[in-house]
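# Descriptive analysis of the structure
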Amino acid sequence: MLACLALGVAAIAAVGSLRASIDRGLVEQGRSLLGGDLAVEAGPTPVPAAVGAMLTGFGARLSDVVTMRSLLVAASGDRMLVELKAVDGRYPLVGALTLAPGGALGAALAVRDGLPGLAAQQVVLDRLALHPGDRVRLGSAKFVVRAVVSEEPDRSAGPTQLAPRVMIAMSALPSTGLVQPGSLSNYAERAVLPPKADIAGVEHRLLDAFAGQGLHVRDAHDAAPGVKRFVDQTGQFMTLVGLTSLLVGGIGIATGVRAWLEARARTIATLRCLGAPSSTVFATFLIQVAVLSVIGICVGLVAGAALPVLAVWLLGDLLPVSPHVAIYPGPLALAAAFGVLIAAAFSLWPLGRAARIPGGALFRDGLAPSGGRPGPVLMLVNLAFAAGLVALTVLSSRDRRFALYFCLAAAATLLVFRVGGGALMLAARRLRVPGSAALRLGVANLHRPGASTPLMMVSLGLGLATLAAVALIEGNLRGTVLQQLPARAPTFFFIDIQPDQLDRFDAVLRAIPGVGAVEHVPNLRARVVAVNGVPAEQVHATPSTRWALSGDRGLTYAATPPEGTHIVAGHWWPADYAGKPLVSFDANLAAGWGVTLGDTITLNVLGRDVTLTIASLRDIAWKTLSLNYVMIVSPGLLSAAPHSNIATVRTVSTPAVQATVLRQVTDALPNVTGIRVADVLAEVAELIGKLASALAATASFALIAGALVLAGTVAAGQRRRVMEAVVLKTLGATRRQIRTAWLVEFGAIGLAAGLVAALVGTAASYAVVRYVMDSEWTFLPGILAATVFGCIALMLLFGYAGTAAALRAKPARLLRAD
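Counting restarts for each chain, with residues numbered from 1 along the sequence as it is written. Under the rules for a predicted model, residues below a pLDDT of 70 receive no local features and side-chain atom pairs below 80 are neither given nor counted, while totals for whole chains, interfaces and linings still include all residues. Each side-chain value is worked out from all heavy atoms of the structure, with water and hydrogens disregarded.

## Details of the environment of A578
Of note, A578 is situated in the loop between strand 15 (567-570) and strand 16 (582-586). Take A578: its relative accessible area is 73%, and that puts it in the exposed class. In this structure the C-alpha to C-alpha distance between A578 and H131, which are 447 residues apart in sequence, comes to 56 Å. Put simply, DSSP H or I for four residues or longer makes a helix, DSSP E for two residues or longer makes a strand, and each gets a number counted from the N terminus. Residue exposure (1.4 Å probe, protein chains only): buried if accessible area is under 20% of the type maximum, exposed if over 50%, otherwise partly exposed.

Rendered as structure tokens:
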């Protein structure tokens, strides 16, 4: 009981404490991650000079930064995708940038011997076999590698990092030729205000003064919204997985309390025979259970508070920011509340049952369980604690609907295992086993009076079902990223192609053998500023669609529907349409935003607000990685706006052909950036693997709790097994026959529990992959086979340990004693 309760509480406390430490790290490092007290982002166009003048009027110190993706080309011709950051001489305003082998950033990026300097992360030098002093190319300009970026204050290790960092001076950016009309760049101006300045007031003044210009103003509290969303979603999932281990521990609590009371049956019976009322018996043992529960919860809280230190050490590269490891009362109090509710919900029933059974029945309970129930009042109290557990789970979750589904799924899973145990007992009772006496005895043990078959199935099966579900989810996502997506995805994306470069781009590709389909579409960047006249920040969107209301979104225009378009509502505009701007919108986002045909979406495109009327809704097949857009606009107004093009290219899978395509296109058009899809998918697969490891580590708590419950169940029935072994050996049974019988019993339970765990894990993974992640689900028999065999192996291990202990008992001593 102590171990099960402590383990479950520790899992929830550890996840909550780690999540709180990351949140605290985001708050403490907010200014560094943002690069100042305020950041004004203008997307692909420079921040208006009036913004800087206004901030200077408030006494602010300013720094300008431009970020974009590009290809870094070594002298050998090898190239790799990098995240390029151009900074001015005042960068960084907040925090410290560390270089190896040391020195100031300005000196490293300065022009020497006619060439500007460049600083990059070590991984860039490793992959391109570069050393300080080597020459490289960015776009049309040459640079000299001068330093390695060891620490960058405004770069979080979030899940969106798909390329390493390279830094150059702002003055060197024009020479690269990378900044073109419509290029995928992001201009930002950071500001550090004087001490005690009204940061919120300055932010509101900026928003009012530059309304309608498409500027995005953030403060330190919103330094990394994508990272925070990632942490919230992962933390919630891990908390629910941890709650599963506590639920398994609850079964162990019920088992432990029942076994503990059965060991004190004579004491209870004596008290009842001497006239002690059931309330006295109940109160006496309730106090003892409460003390044990408090001890178990305290042990779990101590372990849960300490485990984040280990997690930070093991998962340092995966965590998005440096966590602030400390004691966080909130998560610990929540874990303690879960522990109290679990302990009460699972211990009251056996306590109430023991208090109501008459003394004489208790004397016989070891051989013929009475099946008594608590009184109606206690049953209502027990039900209230169970309802409180569900309520706390739902109310403490960021996504309450998902938490409610988890509670329903947990109850259904317990019922499935209980029904599975009953079905196994029924099948064993009806099965006629010819031949071996040991085999018949093993089958009979499954349904004998007092058999713990259903309990053993639940204890180990629930933990294995959790691990199977996590493994199936990870396997499906990894299969999608490494197999399904590459099979349908293009080989390359090329971005920042200027309209006058399209003919040259196509000509270069046509001259390369092995190049297949080439598609390109206009590409603009826009920011949603209003939906049906309601400002974007005030739109009531679902949690899964709110992301599209912040930041820049891709935008294109087309006279005819692109190939593969699936319109689910409305109609496409005529090819020669020249009326007010219309838009074909993503049907899923429309549902999440509460918009439909005829509603309006106002975008800011290059500083100008454009209101679009929804003409059709599309079901977009994002998993093809084709040129899909949330919004496709009718031609006319936007076609005259400065923009670039984005292209997809399919080639044969030969590495030599792919290297040739990337080299020849980017050599001919230095401002164009090529992104190999396989490299991006490999980065995503690595991230999925790390997340799966973290989730599996949390889910292993449930398996350990199940093993503890199983060990407790075996221990609770050990006295019965010892007596059975003594009687059987006295009647002439051999040790081999007895061992075989009990291993048949445990093996059958393991097989049944493994099959049910595989079924539950399959159903859970299907629901998460198909409905939560909106991805395709694939049956993975290997993982399920490992689940079944693992369950059988664990059951046989525990069965063998219990059998060996029972066979060591000396018949003469026990027969004389009884």
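## Points about the environment of T284
Tracing the backbone through its elements, the reader meets T284 in helix 10 (residues 278-314). Residue class for T284 comes out partly exposed when judged on its relative accessible area of 34%. Between the C-alpha atoms of T284 and V772, which are 488 residues apart in sequence, the distance is 48 Å.

## Some details on empty space enclosed by the protein
Grid points spaced at 1 Å over the protein atoms alone were grouped into cavities, where a 1.4 Å probe fits but cannot get out, and pockets, open sets with protein on both sides within 12 Å along at least five of seven lines, with lining residues defined by an atom within 4 Å of a point. Grid points are joined across faces, edges and corners, and a volume is the space filled by probe spheres set on the points. Overall, the coordinates contain two cavities of 30 Å³ or more when judged by the stated rule. The space that makes up the largest cavity amounts to roughly 50 Å³. In terms of lining, the largest cavity is formed by S70, L71, V73, R137, G139, L178, T666, P670, N671, V672 and T673. Sort the elements by how many residues they give to the lining of the largest cavity and strand 2 (residues 61-74) lands first, with three residues. Of the residues assigned to the lining of the largest cavity, the class counts are five nonpolar, five polar and one charged. Considered as a void within the structure, the second largest cavity measures approximately 40 Å³ in volume. Amino acid classes used here: Ala, Val, Leu, Ile, Met, Phe, Trp, Tyr, Cys and Pro are nonpolar; Asp, Glu, Lys and Arg are charged; the rest, including Gly, are polar.

## Observations regarding the pattern of salt bridges
For this analysis, a salt bridge means a side-chain nitrogen from Lys or Arg found within 4 Å of a carboxyl oxygen belonging to Asp or Glu. Using the criterion set out here, one finds eleven salt bridges in the structure. The salt bridge involving E152 is made with K85; its shortest N-O contact spans 2.5 Å. Of the two residues, E152 is situated in the loop between strand 7 (141-151) and strand 8 (165-169) and K85 in strand 3 (residues 79-87); the sequence distance between them amounts to 67 residues. Of the charged contacts, one joins K85 and D154 as a salt bridge, the two residues approaching to 2.9 Å between their closest N and O atoms. With K85 in strand 3 and D154 in the loop between strand 7 and strand 8, the pair connects residues that are 69 residues apart, well separated along the chain. Given a relative accessible area of 1%, K85 falls into the buried group. Salt bridges here are not isolated pairs; linked through shared partners, they connect K85, E152, D154, R165 and R190.

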